[in-house]
Amino acid sequence: MSDDASHPTSEQAPTASARPEPKRTISVGQILGAILLILVVVFIIENTTKVKIRIIAGPKVEAPVYVAILIAAVVGALIAALLRYRRRRHRRSS
């Protein structure tokens, strides 16, 4: 007598426990980025008064301080991304 229940067949699907779940690691940069993001959000919430903003030689605009903070944060993030891209591209060509 053969017991088919004790021998898996090729038709049976593998169980979820057969494949280990990959470990998710968080880098120091991601942690620092999250902390910086929280600090920027708190700073924005605390600074809602209106101020006059003049961008280089453009007209003066009256806006809440958080608008200037957001613009500065976005420009800083774009510059950081461009520098990171440039560094990666330079390493590949070397």
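Higher on the page you've got the structure.
Conventions used here
Residues numbered from 1 in each chain as written. Predicted model: local features only at pLDDT ≥ 70, side-chain atom pairs only at ≥ 80, totals over all residues. Heavy atoms only, no water. Patch = residues over 30% accessible without salt bridge, like charges linked within 9 Å, V, L, I, M, F, W, Y side chains within 5 Å. Areas by Shrake-Rupley, 256 points an atom, 1.4 Å probe, with all protein chains shown as cover. Salt bridge = Lys/Arg side-chain N within 4 Å of Asp/Glu carboxyl O. Helix = DSSP H or I, 4+ residues; strand = E, 2+ residues; numbered from the N terminus. Buried < 20%, exposed > 50% of the residue type's maximum accessible area, 1.4 Å probe, protein only. 1 Å grid on protein atoms, 1.4 Å probe; cavity = no way out; pocket = protein on both sides within 12 Å on 5 of 7 lines; lining within 4 Å. Points joined across faces, edges and corners; volume = space filled by probe spheres on them. Nonpolar A, V, L, I, M, F, W, Y, C, P; charged D, E, K, R; others polar. Pairing = 2+ DSSP bridges.

Asks: Run through a nonpolar patch on the surface, naming residues and quoting values.
Replies: Residues Ile26, Val28, Ile31, Leu32, Ile35 and Leu39 make up a contiguous nonpolar surface patch of roughly 620 Å² in combined accessible area. On the secondary structure map, Ile35 appears in helix H1 (residues 28-46). Its relative accessible area of 44% is what places Ile35 among the partly exposed residues.

Asks: Can you explain the layout of surface pockets? Please cite residues and give values.
Replies: Roughly 340 Å³ of internal volume is contained in the largest pocket. Counting residues per element, the ones that place at least two in the lining of the largest pocket are H1 and helix H2 (65-93). With seven residues, H2 is the largest single contributor of residues to the lining of the largest pocket. When grouped by side-chain class, the residues that make up the lining of the largest pocket number ten nonpolar, two polar and one charged.

Asks: So, the pairing of strand E1 (residues 50-54): which residues are in play, and what are the values?
Replies: With five bridges joining them, E1 and strand E2 (residues 60-64) adopt antiparallel strand pairing. The partner of Val51 across the bridge, within E2, is Ala63. Counting the residues that bridge the hairpin from E1 to E2 gives five residues, and of these Ile56 lies at a positive phi of roughly 45°.

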